[in-house]
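# Per-entry structural report
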Amino acid sequence: MNIGVLGAGQLGRMLALAGYPLGNRFTFLDTTGNPSAGIGDVMVDTDQQHLTEFLSKVDLVTYEFEHLPVPLVQAIEEHKPVHPSSEAIRVCQNRAEEKALFDRLAIPTPAYRLVESAEALEAAVRELGTPVVAKSVTDGYDGKGQAVIKDPANAAEAWRSINHPRLIVEAFVDFVREVSIIAVRGRDGQVVFYPMAENLHVDGILRYSLAPMPDLDAAVQQTADEYIRALLDELDYVGVLTLELFQARDGSLLANEMAPRVHNSGHWTMDGAVTSQFENHLRAIQGLPLGDTAARMPSCMVNVIGQEGEPARLLEIEDAHLHRYGKGERPGRKLAHVNLMAPTHEALVEKVRACAALLPGAPAPRFSFE
Ligand code: AMP
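Residues numbered from 1 in each chain as written. Predicted model: local features only at pLDDT ≥ 70, side-chain atom pairs only at ≥ 80, totals over all residues. Heavy atoms only, no water.

Per an unreviewed UniProt entry, the chain carries the name N5-carboxyaminoimidazole ribonucleotide synthase and comes from Halomonas halmophila. Quoted verbatim from the Sequence similarities (unreviewed entry) heading of the UniProt record, the comment on the chain is "Belongs to the PurK/PurT family." The annotation that UniProt attaches to the chain under Catalytic activity (unreviewed entry) is "5-amino-1-(5-phospho-beta-D-ribosyl)imidazole + hydrogencarbonate + ATP = 5-carboxyamino-1-(5-phospho-D-ribosyl)imidazole + ADP + phosphate + 2 H(+)". (UniProt positions renumbered as here; feature names shortened; annotations may be inferred.)

What follows is the structure, given as structure tokens:
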């Protein structure tokens, strides 16, 4: 089966790496003019002239990037199966739609308001109480298009700096940790769940994901499973879905956002789970049985950002697995990740520190359970 992928970055590359053993071939459609997949058949289409050719090559279509024009995906759906559907893209690329869906399914979120002017923003800040986080409703990722507001007097400045016609304003959550749940739904509606991961972000960019968490109450995992199952069923979703959440001091979960695709917080599954998120996504969209999501061992993913460091030194760490994306160094750019595994969480955290020490500019890893 030839799988068409919209987007041609590292997520697409890792999908292909997981798909070759299954006998898949891959054709990527890149609309940015800057593909980095470095694998498969990459079609660069900056002027929307190559869609027909792309569709003639592929049996089904998936994507690794959700900020795509919905009408484009709907047009593709007229010709080839698209998983997940354009409806999932439509909801996930808009924070207001996403929050409305969470509300409808009774999935708790931080208190929020939608605003369309600097004045309304200031009023929302007063109503919610400081601090708040203001985010553009569309086009934001990795913490871009956001501002933390600590005083209503700063609302006008934040409005100007985000420079977007519609914002969502959220109460700032005093979380114990950020976590994510990744689940996979097959074409037959079967759902499997990965163990939740603890995620450390710095400046809005993910730096570390650790799973399974040593102190996670089974009831909390079950709650997260229920939330994501509700989303998957509601959207009649096929493939991998990621839900990012905040965990509060009392253990409760608040949904932050979701991504209709394989996710950086699931990269640990490439080496740390029986079946990786990439393989399971491909199994799901092709109607194949889903693979076991269990963790083999405590695992941690360390992102390599901006500068590569010395790959040979990283590989000196026992049971370290380096995944490089073939991209050039640039500040803030995701270039690679290292998956580390150890029989105990104590030994794992030690390895994570050793790994971080080898990466220029890596923040100190600090996990909630330490
Ligand atoms: P997002 O793009 O919504 O995932 O936001 C990027 C990062 O900003 C999150 O991973 C959090 O670290 C932080 N953040 C976003 N929203 C909130 C919030 N309501 N309360 C506290 N921190 C937040």
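Moving on, there is more to tell.
## Topic: the sheet that holds strand β1 (residues 2-6)
Here we have four strands laid out as an open sheet, ordered β3-β2-β1-β4, and parallel in their pairing. The open sheet has two free edges, formed respectively by β3 (41-44) and β4 (60-63), since each of these has just one partner strand. Taken over all neighbouring pairs, the strand axes of this sheet differ in orientation by 25 degrees on average, direction set aside. (Pairing = 2+ DSSP bridges. Helix = DSSP H or I, 4+ residues; strand = E, 2+ residues; numbered from the N terminus. Axes fitted to C-alpha atoms, helices over the stretch in contact; angles between N-to-C directions.)

## Concerning the state of the cysteines
Across all of its chains, the model carries zero disulfides by this definition. In this model cysteine 300 remains outside any disulfide bridge; the closest cysteine sulfur is found in cysteine 355, 8.3 Å from its own. (Disulfide = S-S within 2.5 Å.)

## Concerning the site of the ligand
Near the ligand you find 14 residues, and of these Lys135, Gln146, Val173, Glu178 and Glu257 are the closest. Glutamate 170 places a polar side-chain atom, nitrogen or oxygen, 2.9 Å from a nitrogen atom of the ligand. In this structure, a nitrogen atom belonging to the ligand sits 3.1 Å away from a main-chain N or O atom of alanine 171. Residue composition of the shell around the ligand, by class: six nonpolar, three polar and five charged. (Near = heavy atom within 4 Å. Polar contact = N/O pair within 3.5 Å; in protein donor to acceptor, adjacent residues only side chain to side chain. Nonpolar A, V, L, I, M, F, W, Y, C, P; charged D, E, K, R; others polar.)

## What to know about the sheet that holds strand β5 (residues 112-115)
In spatial order, the strands read β5-β8-β6-β7; together these four strands make up an open sheet with antiparallel pairing. Two strands close off the open sheet at either side, each with one partner strand: β5 and β7 (146-149). The sheet shows a mean angle of 20 degrees between the axes of neighbouring strands, direction not considered. Pairing of strand β6 (residues 132-136) with β7 involves four bridges; the strand directions are antiparallel. Residue valine 133 lies in a different strand from β7, and its bridge partner there is valine 148. Along the sheet, helix α5 (residues 95-104) contacts β5, β6, β7 and β8 (167-171); its crossing angle with β5, the most-contacted strand, is approximately 145 degrees. Here helix α6 (residues 118-128) sits on the sheet in contact with β5, β6, β7 and β8, set at roughly 170 degrees to β5. (Contact = heavy atoms within 4.5 Å.)

## Quick word on helix α7 (residues 155-162)
Considered for burial, the residues of α7 that qualify are Ala155, Ala158, Trp159 and Ile162. For α7, the angular spread of buried residues about the axis comes to 105 degrees, placing them on one side. With respect to the buried face of α7, the exposed residues turned more than 90 degrees away are Glu157, Arg160 and Ser161. The secondary structure elements touched by the buried residues of α7 are β5, α6, β6, β7 and β8. Of the residues one or two after α7, asparagine 163 is the one with positive phi, at around 55 degrees. (Buried < 20%, exposed > 50% of the residue type's maximum accessible area, 1.4 Å probe, protein only. Arc of directions from axis to C-beta.)

## Structural notes on unusual backbone geometry
The peptide bond linking histidine 83 to proline 84 adopts the cis configuration, its omega dihedral lying at -10 degrees. Its place among the elements puts proline 84 in the loop between α3 (70-77) and α4 (86-92). Note that the residue after threonine 130, namely proline 131, is joined by a cis bond; omega there is -5 degrees. Relative to the elements of secondary structure, proline 131 occurs in the loop between α6 and β6. The phi angle at asparagine 163 is positive, at roughly 55 degrees, despite the residue not being glycine. Structurally, asparagine 163 is set in the loop between α7 and β8.

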